[in-house]
Amino acid sequence: MAKYHKPDEKTLQGLRDIANKLRIHSIKATCASNSGHPTSCCSAAEIMSVLFFHTMRYKTEQPRNQCNDRFVLSKGHAAPVLYAAWAEAGFVKESDLLNLRKFDCDLEGHPTPKLDFVDVATGSLGQGLGAACGMAYTGKNFDKSSYRVYCLLGDGECSEGSVWEAMAFASHYKLDNIVAIMDVNRLGQSEAAPLKHDMETYRKRCEAFGWNTYVVDGHSVEELCKAFWQAQQVQGKPTCIVAKTFKGKGLKSGYIEDLDNWHGKPIPKDRVDELLKDLAAEIQVPNKTLCPELPKEDTAPADLSPISLPSPPAYKKGDKMATRRAYGVALAKLGQASQRVVALDGDTKNSTFSETFKKAFPDRYIECFIAEQNMVGVAIGCATRDRTVAFASTFAAFFSRAYDQIRMGAISQSNVNLVGSHCGVSIGEDGPSQMALEDLAMFRAIPTCTVFYPSDAVSTERAIELSANTKVLIQRKPNSYLSFTGYLFHPHQQTRHCCHLLPRREVVRQSDTDRVTVVGAGVTLHEALAAADILASEGTNIRVVDPFTIKPLDAATIVASARATGGLIITVEDHYREGGLGEAVLSAVGKEPGIVVTRLAVDGVPRSGKPQELLDFFGISAKHIANAVRQTFAN
């Protein structure tokens, strides 16, 4: 076994000096912005110094190099100390630190990937470790490279359940290339954190989750150097370094260190000069003496070429195929086309049919179990630096508990693809807890998200193909969400939706005598087609539009169809009225005079029942659509 060699005193003093420089930078930056969290930065100064100038291997001039060690600042409010570390490393100009939080500066209040040295946005606490797990899993199992992942957490955020979901995940998969550092500075925002400085309980909790754990003095660069070295020697277990620190460390003369009521407050102007003088006096060698070591060159650059299905959809007219089963088929085909495609699921793989991908490519499948917040976080981490194209699936209703991770994924500019099955009342007997009736509203509210709603197996394959490439196709919409029901659909045209542009829609039924335009998606598209048959037998023709993407919506086609049918539109959706297809159509035609939109949707919380019973009860089945058409043109 390798023997630890303590760094020489010159190196240790250099690390102490850098720690105090990081404190000085953080205080100056937060004073300049008159906002921020300098005391949270001060508690982490030695941790950051040792990580960035002794432990981590990276290229200072290429922060996003694929070979570099990764760092995630889960306690994102301590952003100034991260910016200060990169200033000491030479990548950020020291003068730019004084522009912290200004509108025209990318050094924002919390880190975002606008900065080359930030992989995932943080600040909504409890999320950094999940993303770090995704990076570590990718490094160990997909890239098979030597880069390591370090994640700095605050003790306050350890009250978040998502932290412990990530702890369980890392232990289960034996991610010995990840190190979590808990900055236990005792104080939260409004009062002390639950465990305060009970370091032994932190140790026991981490060990109970299967982590190799060290408790250290977080202000001792010697202890930190040794703990990080020990972590590198451990095989088969992730490591957690539980660091006892003090909030506002080093700010004694200002009566700030380890005192309540200093969270998120800059240092008062009448105290700052004295405090900066005290910190400067602790620095023995003002000039930079330490530089990070370079990483091993054992990671290939990311392959950014477009990913195409190796063969067109092979379904025949009249075949029956659930769209969720078609998702599994499509994902396996996409996996055949590119090694970058990976799949994740939350113990629903035999219902979402991601198991089809697992059977074909077991080494590129990640079972995340029933921990949807962590699953989304891991997927985001897998997708960083374009290492993978990640598809994560579960019942669509369960993405609601991961909504914070989803919105942070948008801030992270992540190319992650989330696939929800079992949407709407049409799933039937399982009842309302399993029915996604809010998912379209959720994902439409995400500013960077493309929302697909395929209506048959063929369009499902094309949706999967397009979603894998949305970051290439539409630079401002890197995320995608696909909504599936469990219904059986009939593909009615083998070459549908093969265009590689978004939005892609199809007018699936039309004539020169259409009276009303009906817009449906998923199961309601097929109910609309059945209604069209009913009405045609009565001598009335309607136009039926399949939008394919709910966001962006092809407004031009919908407006043109409405104009051709006397300005009359009916939307029908297996979704709550708020935020779904109907509201998307209303937004699209809002500035168009003479267009009237009638919306059929699910009103009220449903109950268990047969699918057809539920569609009838909520007025979104074929017979109700036909009746709505009659009433619309009658009026």
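Residues numbered from 1 in each chain as written. Predicted model: local features only at pLDDT ≥ 70, side-chain atom pairs only at ≥ 80, totals over all residues. Heavy atoms only, no water.

An unreviewed UniProt entry lists the protein chain under the name Transketolase, from Takifugu rubripes. Among the UniProt annotations of the protein chain, the heading Subunit (unreviewed entry) holds the following wording: "Homodimer." (UniProt positions renumbered as here; feature names shortened; annotations may be inferred.)

1. Re the overall build of the protein chain
When its secondary structure is counted, the protein chain shows 22 helices and 19 strands. The globule rule puts the C-alpha radius of gyration for 635 residues at 26 Å, and the 28 Å found for the protein chain is close to it. Dimensions along the principal axes, computed over C-alpha positions, put the protein chain at roughly 90 × 55 × 40 Å. For the protein chain, the proportion of its 635 residues judged to be buried stands at 62%. Expressed as a percentage of contacts within the protein chain between residues at least 6 apart in sequence, the contacts between residues at least 24 apart total 79%. Separation between the mean location of the 72 positive side-chain charges and that of the 72 negative ones in the protein chain comes to 2 Å. (Helix = DSSP H or I, 4+ residues; strand = E, 2+ residues; numbered from the N terminus. Rg over C-alpha atoms; globule rule 2.2 N^0.38 Å. Buried < 20%, exposed > 50% of the residue type's maximum accessible area, 1.4 Å probe, protein only. Contact = heavy atoms within 4.5 Å. Lys, Arg positive; Asp, Glu negative; His and termini not counted. Charge placed at Lys NZ, Arg CZ, Asp CG, Glu CD.)

2. Focus on the state of the cysteines
Tallied over the entire structure, the rule returns zero disulfides. Here C41 is not cross-linked by a disulfide; its sulfur's nearest cysteine counterpart is in C42, at 6.8 Å. Overall, the relative accessible area of 1% leaves C41 in the buried class. The closest cysteine sulfur to the non-disulfide-bonded C382 is located on C368, 7.7 Å from its own sulfur. (Disulfide = S-S within 2.5 Å.)

3. Description of the packing of helix α6 (residues 161-172) against helix α13 (residues 372-383)
Where α6 contacts α13, the two axes come as close as 9 Å, and the packing angle between them is 70°. Classified by the angle between their axes, α6 and α13 sit roughly perpendicular to one another. As for the relative orientation of α6 and α13, their crossing is right-handed in sense. On α13, the residues that touch S162, E165, A166 and F169 of α6 are E372, Q373, N374 and V378. Of the residues in the contact of α6 with α13, the class split is three nonpolar, three polar and two charged. (Axes fitted to C-alpha atoms, helices over the stretch in contact; angles between N-to-C directions. Parallel < 35°, antiparallel > 145°, perpendicular 65-115°, else oblique. Left-handed = near helix turned anticlockwise from the far one by under 90°. Nonpolar A, V, L, I, M, F, W, Y, C, P; charged D, E, K, R; others polar.)

4. Details of the environment of H624
Along the chain, H624 falls in helix α22 (residues 622-634). Judged by its relative accessible area of 27%, H624 falls in the partly exposed class. Here the alpha-carbon distance between H624 and E527, two residues 97 residues apart in the chain, equals 9.3 Å. In contact with H624, other than residues within four places in its own chain, are L600, D616 and G619.

5. Some remarks on the nonpolar core
In terms of nonpolar packing, the biggest core is built from 80 residues, with L129, I178, M182 and L344 touching the most fellow members. For this core, the leading source of residues is helix α5 (residues 128-142), giving eight residues. Setting aside anything within four residues of it in sequence, one finds M182 in contact with L153, C158, W164, M167, Y202, C206, C240, I241, V242 and A243. Core analysis: the second largest hydrophobic core is formed by 51 residues, C41, A87, L97 and A231 among them. (Core = buried A, V, L, I, M, F, W, Y, C linked by side-chain atoms within 4.5 Å.)

6. Regarding the pairing of strand β1 (residues 70-73)
Every second residue of β1 is oriented toward a common face, with R70 and V72 on one face and F71 and L73 on the other, all of them buried. Both β1 and strand β2 (residues 149-154) contribute to a ladder of four bridges, which runs parallel. Across the sheet, V72 pairs through a bridge with C151, a residue of β2. (Pairing = 2+ DSSP bridges.)

7. Regarding the sheet that holds strand β4 (residues 212-217)
Sheet architecture is open: five strands sit in the order β1-β2-β3-β5-β4, paired in parallel fashion. Looking along the sheet, the strands with just one partner apiece sit at the ends: β1 and β4. For this sheet, the mean angle separating the axes of adjacent strands, direction not counted, is 20°. Pairing between β4 and strand β5 (residues 239-244): six bridges, direction parallel. Paired with T213 across the bridge in β5 is C240.

8. Side note on the domain arrangement of the protein chain
Interface size is often expressed as the accessible area that is lost when the parts come together. The assigned domain composition of the protein chain is domain 1 (10-282), domain 2 (323-427 + 434-483) and domain 3 (507-632). A straight line from the C-alpha centre of domain 1 to that of domain 3 covers 52 Å. (Domains from an automatic or database assignment.)

9. Some details on the sheet that holds strand β10 (residues 416-421)
Strand order in this open sheet of seven strands is β8-β7-β9-β10-β12-β11-β17, and the pairing throughout is mixed. Lying at the two open borders of the sheet, with one neighbouring strand each, are β8 (365-367) and β17 (549-551). On average, adjacent strands in this sheet sit at an angle of 20° to one another, irrespective of strand direction. In the sheet, strand β9 (residues 389-395) pairs with β10 via six bridges, with the strands oriented parallel. Each bridged residue has a counterpart across the sheet, and for T394 the counterpart in β10 is G420.

10. A few points about the pattern of salt bridges
Per the stated rule, a full pass over the model turns up 25 salt bridges. D533 is the partner of R509 in a salt bridge, and the nearest nitrogen-oxygen pair spans 2.7 Å. Here R509, found in strand β14 (residues 506-509), pairs with D533, found in helix α18 (residues 523-536); they are 24 residues apart in sequence, far enough to count as distant. Put simply, D514 and R543 hold a salt bridge, and the shortest N to O gap is 2.9 Å. Linking D514 in strand β15 (residues 514-520) with R543 in strand β16 (residues 541-546), this pair joins segments that are 29 residues apart in sequence. Assigned by exposure class, D514 and R543 land together as buried. Taken together, the shared-partner salt bridges in this structure form one network comprising K6, E9, R16 and E222. (Salt bridge = Lys/Arg side-chain N within 4 Å of Asp/Glu carboxyl O.)

11. With respect to the side chain of T460
Structurally, T460 is set in helix α16 (residues 457-468). A relative accessible area of 0% means that T460 is categorised as buried.

12. Regarding helix α1 (residues 9-33)
Spanning 25 residues, α1 covers 36 Å between terminal C-alpha atoms, matching the ideal 36 Å at 1.5 Å per step. For α1, the tally of buried residues reaches 19 of 25 residues, placing the bulk of the element in the interior. One side-chain oxygen at the N-terminal end of α1 lies 3.2 Å from the backbone nitrogen of K10; it belongs to D8. Count one or two residues on from α1 and you reach N34, which has phi positive near 55°. (Expected span 1.5 Å × (residues − 1). Polar contact = N/O pair within 3.5 Å; in protein donor to acceptor, adjacent residues only side chain to side chain.)

13. Concerning the packing of helix α10 (residues 323-337) against α16
Between α10 and α16, whose axes approach to 8 Å, the crossing angle comes to 45°. The angle between α10 and α16 places the two elements in the oblique class. Pair α10 / α16 crosses with right-handed handedness. Two secondary-structure elements touch here, α10 through T323, A326, Y327, V329, A330, L331, K333 and L334 and α16 through A457, T460, E461, I464, E465 and A468. For the contact of α10 with α16, a count of residues per class yields nine nonpolar, two polar and three charged.

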